[in-house]
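Report on the structure
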Amino acid sequence: MKKWYLFLVAVLGLTACGKDAGRAISDQQLADVFSLAEKQYLMLDEQLTDSTMPRTLNADGTLRTSDLNWWCSGFFPGSLWYIYEFGQSPVIRDMALKQTQKLKPLLEMNTDHDIGFQLNCSYGNAYRLTDDETCRDVLVAGAWKLAQRMNPTTGVIRSWDFLRKGWKYPVIIDNMMNLELLTVGARLGGEEQLGQVARTHADTTMKNHFRADYTSYHLVNYDPETGEVLSRETVQGYADESAWSRGQAWALYGYSMMYRETGEARYLVQAKNIGDMLLKRLPDDGIPYWDFDDPQENPLRDVSAAAIMASAFIQLSEHTGNKDYFSMAEKQLCTMLTPEYLATAGSNGGFLLKHGVGNIPDNSEVDVPLTYADYYFLEALVRYWKHEG
Ligand code: GLY
């Protein structure tokens, strides 16, 4: 990001939002951004086939798609459901349904823990907004498929099937997000066992994945025979001992979601501890550096982590009554609504947000639009719109 712009944000409090009303983001601004989203997402839809989803942009500005098995395949249909929820356009509804139904074959494919993201963001939102019973069946079947990945000895769901450098049973903090498919599946299918798998994973992760300051490791490698923790490391962050921003965002969202889904106080305490740590460490404009511990003078920002945090902070403020969480979400959204982050109509390949960071150590998706940044941005805006208080 340009230094002069950061300077103006810090010194003048420059944002895209007004300051005089009770809400910094007006109803008109919300309507404008969802109208922009409709145009952008029509543009993305036109570029897809039956077996592709939007992923990011290539260096030459062309769309990079993914296949249906890529962990992000549920975000495009999910974003369309949020756009439909706000604007009620029948054209967007049909598009959301079409894009959601493309993912049913996942039930028959080899999938990993990310089937939670893939099905809950797509079919979960479809069911929430349409009550279509066929969506319920996919969600319950997907939840059982995910639950098979739990090993009772480790007490966690295995994240990835591939193994690197001494891993035996890798579990990443991102996996907290996939638990929502289990709690939704438990509710829809009436099977308490699914909810128990979610709680067991969340409890073991709370014990093994966090440092004393409530920052999270990216990956914990377990011994599947004994349940022992063999190593704690990073894959996508700056260093094994650093706080990779998106990992912290997944942790915040994951425990806040688990409190909402189960009512268990220990998850709320964990979410508050993570949230309070983030309130102290986030930069003035609310957009995290890609890793909180990158020692460079002005590291890249990761808008995807900001969007995930904003969505989680709004719900956490509702669970706790703490307005500081809501104020941070509002600040993050206001910064994301500035031209530095938000695309203009017809630009950015059809995506909404600029400046996401996928995987710097792998030199992949660096300072680009990301389908999940858009998804959590739209979710946060819908949550902001519905927030009372
Ligand atoms: N779950 C992968 C990521 O956050 O990049």
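Right, let's walk through the structure included here.

Scoring rules and cut-offs
Residues numbered from 1 in each chain as written. Predicted model: local features only at pLDDT ≥ 70, side-chain atom pairs only at ≥ 80, totals over all residues. Heavy atoms only, no water. Axes fitted to C-alpha atoms, helices over the stretch in contact; angles between N-to-C directions. Helix = DSSP H or I, 4+ residues; strand = E, 2+ residues; numbered from the N terminus. Parallel < 35°, antiparallel > 145°, perpendicular 65-115°, else oblique. Left-handed = near helix turned anticlockwise from the far one by under 90°. Contact = heavy atoms within 4.5 Å. Nonpolar A, V, L, I, M, F, W, Y, C, P; charged D, E, K, R; others polar. Near = heavy atom within 4 Å. Polar contact = N/O pair within 3.5 Å; in protein donor to acceptor, adjacent residues only side chain to side chain. Areas by Shrake-Rupley, 256 points an atom, 1.4 Å probe, with all protein chains shown as cover. Pairing = 2+ DSSP bridges.

**Some words on the packing of helix α7 (residues 179–189) against helix α8 (residues 192–208)**
- The contact between α7 and α8 brings their axes to 7 Å, and the two run at 150°. One element, α7, and the other, α8, form an angle in the roughly antiparallel class. In the packing of α7 onto α8, the handedness of the crossing is left-handed. Between α7, through L179, L182, T183, G185 and A186, and α8, the contact on the second element is made entirely by L194, G195, V197, A198, H201 and A202.
- Among the residues making up the contact of α7 with α8, the classes are represented as 7 nonpolar, 4 polar and no charged.

**Here's the deal with the site of the ligand**
- All residues adjacent to the ligand are W71, D174, Q236, W244, R246 and W250.
- Within the contact set of the ligand, an oxygen atom lies 2.6 Å away from a side-chain nitrogen or oxygen of R246.
- Taking W250, its side chain carries an N or O atom lying 2.9 Å from an oxygen atom of the ligand.
- Summarising the interface, the protein chains cover 94% of the accessible area of the ligand, which totals 200 Å² for the free molecule.
- Taken together, the residues of the shell around the ligand break down into 3 nonpolar, 1 polar and 2 charged.

**Some points on the pairing of strand β2 (residues 63–66)**
- The pairing of strand β1 (residues 53–57) with β2 spans 4 bridges and is antiparallel. Each bridged residue has a counterpart across the sheet, and for L57 the counterpart in β2 is L63.
- Hairpin remark: β1 followed by β2, antiparallel, with 5 residues in the connecting loop; positive phi at G61, about 90°.

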